[in-house]
Amino acid sequence: MDNLTHDERDPNPWLALYLDDSIPINATTKRALMRDNSSKSVRYLLPIIEVWSKVTMFFIHVFKYFVPRGLNSSRVLHRILAWGLKNFVSPDANLLIFRHFHVGTEILQFIAGNVPGVSLAGNPLKPKDFDSIKEDLFLKHDLNLYNFVINLNRQLKERGLTIRPPEKLNLSMITEDQFDHIEFPNRWTNVLDLRSAIELFTPFYQLFLTANDFVRASNSLQLDETIAIYTSQILGTPAHLGLVNNKHPMVPETTYSAAYRLVLHGLAAETLHEILVKMKLSKLSDGIITPH
């Protein structure tokens, strides 16, 4: 992205967003996301895959209505996902996907480590290779979010506690530099951009998961606002909620929009994590809002 030339009569929109620093986001993530957005896969494959995905999901929905227990296998699903990511997804898209599990784990650890009086063990997910995906990685990610919300709020209610800024902020769990990722495959078949990959895999998600698992996974994307509220209560900065686009899960979206909302979910997690990184590096300054 840094080497792109600027033509004032034909400005590159992704170069503009890459250079723009209006929201906090990791530099490597931002570069990968802008390259992903400007790829040929987005231009030529995504429109076709989106139509195929929606039509396929409709017929799977009908099939699941009559055969609700047919083909339910998280194990088969995650082997398909691991194989597909390794062989067909671009390095940039794989980086964004793998980073998301690391980022999400650290955000939950941050909340758990800054609410005095509660004890949350959690189930950290920090995959280092494609074999890690086969261990029900995506399903566990969704379960982690809901179990975290349930366990946190049960303890708060049982002990008469509320989330508030702690006396001393704990940022020890936040990774400051790049995660130790694998070298992602870059063969001629690794061409799919992030959204195309998600659209392509979503029907498989719907087919091989139970209806409860699939709907819960889709609705979990809107837990962004819930997690952001917890973080804002800890930091004492409600203005950070303005960075969240997936709104509250009490009003769920249709599962047909899951792929688009998943990308927004990833962006929300990345911006929140970068806020915490900036605060850790510059001692209570996140680059946008400095808490009292």
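What counts, and where the lines are drawn
Along each chain, numbering runs from 1 in the same order as the chain's sequence is written. Two thresholds apply to this predicted model, a pLDDT of at least 70 for residue-level local features and 80 or more for giving and counting side-chain atom pairs, whereas whole-chain, interface and lining totals are computed over all residues. The side-chain quantities take in all heavy atoms of the structure and omit both hydrogens and water. In this text, helices come from DSSP runs of H or I with a minimum length of four residues, and strands from runs of E with a minimum of two, each type numbered from the N-terminal end. In this scheme, a residue with accessible area under 20% of its type's maximum is buried, one over 50% is exposed, and one in between is partly exposed, where area comes from a 1.4 Å probe on protein chains only. We call two residues in contact whenever any of their non-hydrogen atoms come within 4.5 Å of each other. Note on areas: Shrake-Rupley, 1.4 Å probe, and residue coverage restricted to the protein chains presented here. A residue counts as positive if it is Lys or Arg and as negative if it is Asp or Glu; His and the chain ends are not included. Lysine's charge is taken at NZ, arginine's at CZ, aspartate's at CG and glutamate's at CD. Put simply, a patch holds well-exposed residues, over 30% relative accessible area, that have no salt bridge, with like charges counted together within 9 Å and Val, Leu, Ile, Met, Phe, Trp or Tyr side chains within 5 Å. A side-chain nitrogen of Lys or Arg and a carboxyl oxygen of Asp or Glu constitute a salt bridge if their distance falls within 4 Å. Where helices are involved, their axes are fitted lines through C-alpha atoms of the stretch in contact, as for all axes, and angles between N-to-C directions lie from 0 to 180°. In what follows, roughly perpendicular refers to angles from 65 to 115 degrees, roughly parallel to angles under 35, roughly antiparallel to angles over 145, and oblique to any angle outside these ranges. Basically, the charged four are Asp, Glu, Lys and Arg, the nonpolar ten are Ala, Val, Leu, Ile, Met, Phe, Trp, Tyr, Cys and Pro, and anything else, Gly included, counts as polar. Handedness of a helix crossing follows the sense of rotation of the near helix relative to the far helix, less than a right angle counterclockwise being left-handed and clockwise being right-handed. In this scheme, a helix's expected span is set at 1.5 Å multiplied by one less than its residue total. Consider a residue and the seven residues that end there alongside the seven that start there; fitting an axis to each set, the bend is the angle between those axes. Contacts described as polar in this section are N or O atom pairs within 3.5 Å, which, within protein, must combine one atom able to donate a hydrogen with one able to accept it, while residues neighboring in sequence count only if both atoms come from side chains. Centres within 6.5 Å are what make two rings of Phe, Tyr or Trp a pair, Trp counting through its six-membered ring; a difference in plane orientation under 30 degrees is then read as stacked, over 60 as edge-to-face, and the rest as tilted.

A. The arrangement of the overall build of the protein chain in detail. Of regular secondary structure, the protein chain possesses 10 helices and zero strands. Across the protein chain, helices and strands are ordered from the amino to the carboxyl terminus as α-α-α-α-α-α-α-α-α-α. In the protein chain, which comprises 292 residues, the share counted as buried stands at 49%. Once local pairs closer than 6 in sequence are excluded, the contacts in the protein chain between residues at least 24 apart make up 82%. Within the structure as shown, the protein chain displays about 15500 Å² of accessible surface, and the carbon and sulfur contribution to it stands at 59%. Taking the average place of the 30 positive charges on the side chains of the protein chain and the average place of its 30 negative ones, the gap between the two points comes to 5 Å.

B. Region of interest: a nonpolar patch on the surface. Taken together, V51, V55, F58, F59, V62, F63, Y65, F66, V67 and L71 make up a surface patch of nonpolar side chains, about 1000 Å² in accessible area. Along the chain, Y65 turns up in helix α3 (residues 40-66). Look at Y65 and you get exposed, because its relative accessible area is 65%.

C. Quick look at the packing of helix α4 (residues 74-88) against helix α6 (residues 137-158). One can describe the packing of α4 onto α6 by two numbers: an axis separation of 8 Å at closest approach and a directional angle of 115°. It follows from the interaxial angle that α4 and α6 lie roughly perpendicular. From α4, S74, H78, L81 and L85 reach across to α6, where they touch L137, F138 and L139. Within the contact of α4 with α6, the residues separate by chemical class into five nonpolar, two polar and no charged.

D. Expanded view of the packing of α4 against helix α7 (residues 194-208). Where α4 meets α7, the closest approach of the two axes is 9 Å, and the angle between their N-to-C directions is 165°. Accordingly, the angle class assigned to the pair α4 and α7 is roughly antiparallel. Every pair of crossing elements has a handedness; the one defined by α4 and α7 is right-handed. Contact with α4, carried on its side by S74, V76, L77, I80, L81, G84 and L85, involves F201, F204, Y205 and F208 of α7 and no other residues of that element. Here the residues of the contact of α4 with α7 are counted per class, giving nine nonpolar, two polar and no charged.

E. Spotlight on α7. Taking 1.5 Å per residue, 15 residues should reach 21 Å; α7 reaches 21 Å between its end C-alpha atoms and fits that length. Maximal helix bending in α7 amounts to about 30°, located at F201; proline P203 follows within four positions. Counting buried positions over the 15 residues of α7 gives 12, a clear majority of the element. Within the sequence span of α7, burial applies to L194, S196, A197, I198, E199, F201, T202, P203, Y205, Q206, L207 and F208. In this structure D193 caps α7, since a side-chain oxygen of it lies 3.1 Å from the backbone nitrogen of R195.

F. Molecular detail of the packing of aromatic side chains. Summed over all chains, the structure comprises seven aromatic pairs. Ring centres of W83 and F88 lie 5.1 Å apart, and the angle between their planes is 75°; this geometry places the pair in the edge-to-face category. For F88, a relative accessible area of 31% puts it in the partly exposed group. Between F130 and F184 the ring centres are 6.3 Å apart and the planes differ by 75°, which places this aromatic pair in the edge-to-face class.

G. Inspection of the side chain of K64 at higher detail. Note on placement: K64 falls in helix α3. Polar contacts involving the side chain of K64 include one to the main-chain carbonyl oxygen of L209, which spans 3.1 Å. K64 has contacts with G70, N72, Q206, L207 and L209, leaving out every residue within four places of it along the chain.

H. Expanded view of the environment of E274. Examined against the element boundaries, E274 turns out to sit in helix α10 (residues 258-282). You can call E274 buried: its relative accessible area is 11%. C-alpha of E274 to C-alpha of N12: the two residues are 262 residues apart in sequence and 25 Å apart in space. Beyond its immediate chain neighbours, meaning those up to four positions away, E274 contacts P24, I25 and N26.

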